[in-house]
Amino acid sequence: RIASPVYYAPFEHLLNHADGHIRSIAAIALSKIGDPKAIGPVKRLLDDPYIDVQEAAVESLSHLSQWLSVEELTEMLKNENHVLRKNAALILGKIGAKETVPALGFALKDGNVEVRMACVEAFSLLKTEDSVKFLIHALTDEAPYIRVASAASLGRIGGEGVFDALSLLLSDADDSVRAAVSKSFGMLKDKRAVRLLIGLLSDKNGFVVTTTIEFLSVIGGDEARSSLL
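Residues numbered from 1 in each chain as written. Predicted model: local features only at pLDDT ≥ 70, side-chain atom pairs only at ≥ 80, totals over all residues. Heavy atoms only, no water.

Trainee: I keep staring at helix α14 (residues 206-219) and nothing clicks. Help me out?
Mentor: Residue pairs three or four apart in sequence face the same way in an α-helix, which turns once every 3.6 residues. If you check α14, its first and last C-alpha atoms are 20 Å apart, about what 14 residues at 1.5 Å a residue would give, namely 20 Å. Buried within α14 we find V208, V209, T211, T212, F215, L216 and I219. One face of α14 carries all of its buried residues, which in axial projection span an arc of 165°. Buried positions along α14 lie against α12 (175-188), α13 (193-200) and α15 (222-228). Measuring from the side-chain oxygen of the N-cap residue of α14 to the backbone nitrogen of F207 gives 2.9 Å; that N-cap residue is N205. G220 lies just past α14 and shows a positive phi near 75°. (Helix = DSSP H or I, 4+ residues; strand = E, 2+ residues; numbered from the N terminus. Expected span 1.5 Å × (residues − 1). Buried < 20%, exposed > 50% of the residue type's maximum accessible area, 1.4 Å probe, protein only. Arc of directions from axis to C-beta. Contact = heavy atoms within 4.5 Å. Polar contact = N/O pair within 3.5 Å; in protein donor to acceptor, adjacent residues only side chain to side chain.)

Right, dumping it as structure tokens:
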């Protein structure tokens, strides 16, 4: 919390501590001190055995973004270690590296589901037109929770083609995906979605129905009100 430069050396030393919680706190502390020489030591935590330490390293490096090499992070998307590929994608999203959208789009084909999920998270932060196109593409991913995350991101961002793309998922075999589409339509507040959502009120899954009830009320209008009554 004090984040004084006089603590730099002990914090860097603590990056090697046996306790993962201490490694995490040390990484965040170094980013608050704001010394670019912390980048090298913190980067070594990107493939730490513990996810919370990795997350701290991603957060720390994001705070040191003015000294990061975007080219190096982009190259990391091709690393043989999927953990490094995943965390590189997350950092690129957090630091707003919009020029890396094409590289992240290529990484969206990665064989590892965690890497693809990280790309979706990055696109949701970058919010460019091409990011939206890649998120629409991710709606066809074989992993349901990636389709869920993509739908949620598109609901927040909006953009050309989003409404039609989300409409196609109303009949998705996965309950959580249909619920996510219902929520996304609610966030878009597009009146065209009302009739589509009314169809979900008879869904076989109760969670989908309750989500639809909630977001029909968000969109509003006479037709939505009548269907809820």
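There's plenty left to go through after this.
Trainee: Help me out: how do you make sense of the environment of S182 in this one?
Mentor: Structurally, S182 is set in helix α12. Residue classification places S182 among the buried residues on the basis of a relative accessible area of 0%. C-alpha of S182 to C-alpha of T210: the two residues are 28 residues apart in sequence and 9.9 Å apart in space. Residues contacting S182, with those up to four places away along its chain left out, are L197, L200, T211, T212 and F215.

Trainee: Sorry if this is basic, but what is going on with unusual backbone geometry here?
Mentor: Note on backbone geometry: most residues besides glycine have negative phi, and most peptide bonds are trans. Even without glycine at this site, A3 takes up a positive phi of about 50°. Residue classification places A3 among the partly exposed positions, given a relative accessible area of 26%. Not every positive phi belongs to a glycine, and K189 is a case in point at roughly 55°. With respect to the helices and strands, the residue K189 is situated in the loop between α12 and α13.

Trainee: Hey, could you run me through the pattern of salt bridges in this one?
Mentor: When the charged atoms of two side chains with opposite charge come close together, those side chains can pair. In total, this model carries 15 salt bridges according to the counting rule given. Linking K43 and E72 is a salt bridge whose minimum nitrogen-to-oxygen distance equals 2.3 Å. With K43 in helix α3 (residues 39-43) and E72 in helix α5 (residues 70-76), this pair connects stretches of sequence that are 29 residues apart. Overall, E72 belongs to the partly exposed group, its relative accessible area being 39%. Each of D175, R178, D203 and K204 takes part in one network of salt bridges that share partners. (Salt bridge = Lys/Arg side-chain N within 4 Å of Asp/Glu carboxyl O.)

Trainee: What's the story with the packing of α13 against α14 in this structure? I'm lost.
Mentor: Any two packed helices are characterised by the angle at which their axes cross and by the distance between the axes. The contact between α13 and α14 brings their axes to 9 Å, and the two run at 155°. The angle between α13 and α14 falls in the class roughly antiparallel. Pair α13 / α14 crosses with left-handed handedness. Touching A193, V194, L197, I198 and L200 of α13 are V208, V209, T212, L216 and I219, all from α14. Residues belonging to the contact of α13 with α14 are distributed by class as follows: 9 nonpolar, 1 polar and no charged. (Axes fitted to C-alpha atoms, helices over the stretch in contact; angles between N-to-C directions. Parallel < 35°, antiparallel > 145°, perpendicular 65-115°, else oblique. Left-handed = near helix turned anticlockwise from the far one by under 90°. Nonpolar A, V, L, I, M, F, W, Y, C, P; charged D, E, K, R; others polar.)

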